[in-house]
Amino acid sequence: MDVPGITDYASFLPRSWRERVALRPERTTWRWRGHRVNVLRRPDPEAAVRTLLVHGAGGHAGALWPVASLIGDVDLAAVDLPLYGDTVSRDPAAVRYADWVALLCDLVRAEDDGRPD
């Protein structure tokens, strides 16, 4: 199945907004409990605030990125939870809601640099 990407979703925005969308975020991978977790980023070490964007069921980071990338003056990250987007899971049938919660808690702890997030 071909999943729509950032450019596809950006096309729904008004033209004046599309011109400001960061179409090529930095893509990183974080290994967590047998998952290769995809994280889209617009790092800004000088920003006073960090923002972690989390999609709902059926979504993925790329779907939310066009609007999220319009947020200014933040260090921005958008995570693909297991079973969604570009995150790869060793055992997809074993993924439960509690795994998403644990992953997010561990990700926030792993990336804590003292700034608010």
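Only a predicted model underlies this, so the values are computations on that prediction, with no experimental measurement involved.

Visitor: Describe in detail the environment of Asp106, supporting the description with residues and values.
Guide: Counting through the fold element by element, Asp106 comes out in helix α4 (residues 97-111). Sequence spacing of Asp106 and Trp32 is 74 residues, and the spatial spacing of their C-alpha atoms is 8.6 Å. When sequence neighbours within four positions are dropped, the list of residues in contact with Asp106 reads Trp30, Trp32 and Arg33. Polar side-chain contacts of Asp106 include one of 2.8 Å to the side chain of Trp32.

Visitor: Residue-level account of α4, with values.
Guide: With 15 residues, α4 should reach 21 Å at 1.5 Å per residue; the first-to-last C-alpha distance of 22 Å fits that figure. All buried positions along α4 are accounted for by Trp100, Ala102, Leu103, Leu104, Asp106 and Leu107. Where α4 is buried, its residues touch β1 (26-32), β2 (35-42), β3 (50-54) and β4 (75-79).

Visitor: Outline the environment of Leu13, listing residues and values.
Guide: Along the chain, Leu13 falls in the loop between α1 (6-10) and α2 (15-18). Along the sequence, Leu13 and Pro66 sit 53 residues apart, while their C-alpha atoms lie 8.3 Å from each other.

Visitor: Explain the pairing of β2 to me, using residue names and the numbers behind them.
Guide: Summarising burial for β2: 6 of the 8 residues are buried, a large majority. Pairing analysis gives 7 bridges linking β1 to β2, with the strands arranged antiparallel. Within β2, the position partnered with Glu26 by the bridge is Arg41. Remark: 2 residues form the turn of the hairpin made by β1 and β2, two consecutive strands paired antiparallel; Arg33 in that turn has positive phi of roughly 45°. In the sheet, β2 pairs with strand β5 (residues 88-89) via 2 bridges, with the strands oriented antiparallel. Of the residues in β5, the one forming a bridge with His35 is Ser89.

About the thresholds
- Residues numbered from 1 in each chain as written.
- Predicted model: local features only at pLDDT ≥ 70, side-chain atom pairs only at ≥ 80, totals over all residues.
- Heavy atoms only, no water.
- Helix = DSSP H or I, 4+ residues; strand = E, 2+ residues; numbered from the N terminus.
- Contact = heavy atoms within 4.5 Å.
- Polar contact = N/O pair within 3.5 Å; in protein donor to acceptor, adjacent residues only side chain to side chain.
- Expected span 1.5 Å × (residues − 1).
- Buried < 20%, exposed > 50% of the residue type's maximum accessible area, 1.4 Å probe, protein only.
- Pairing = 2+ DSSP bridges.

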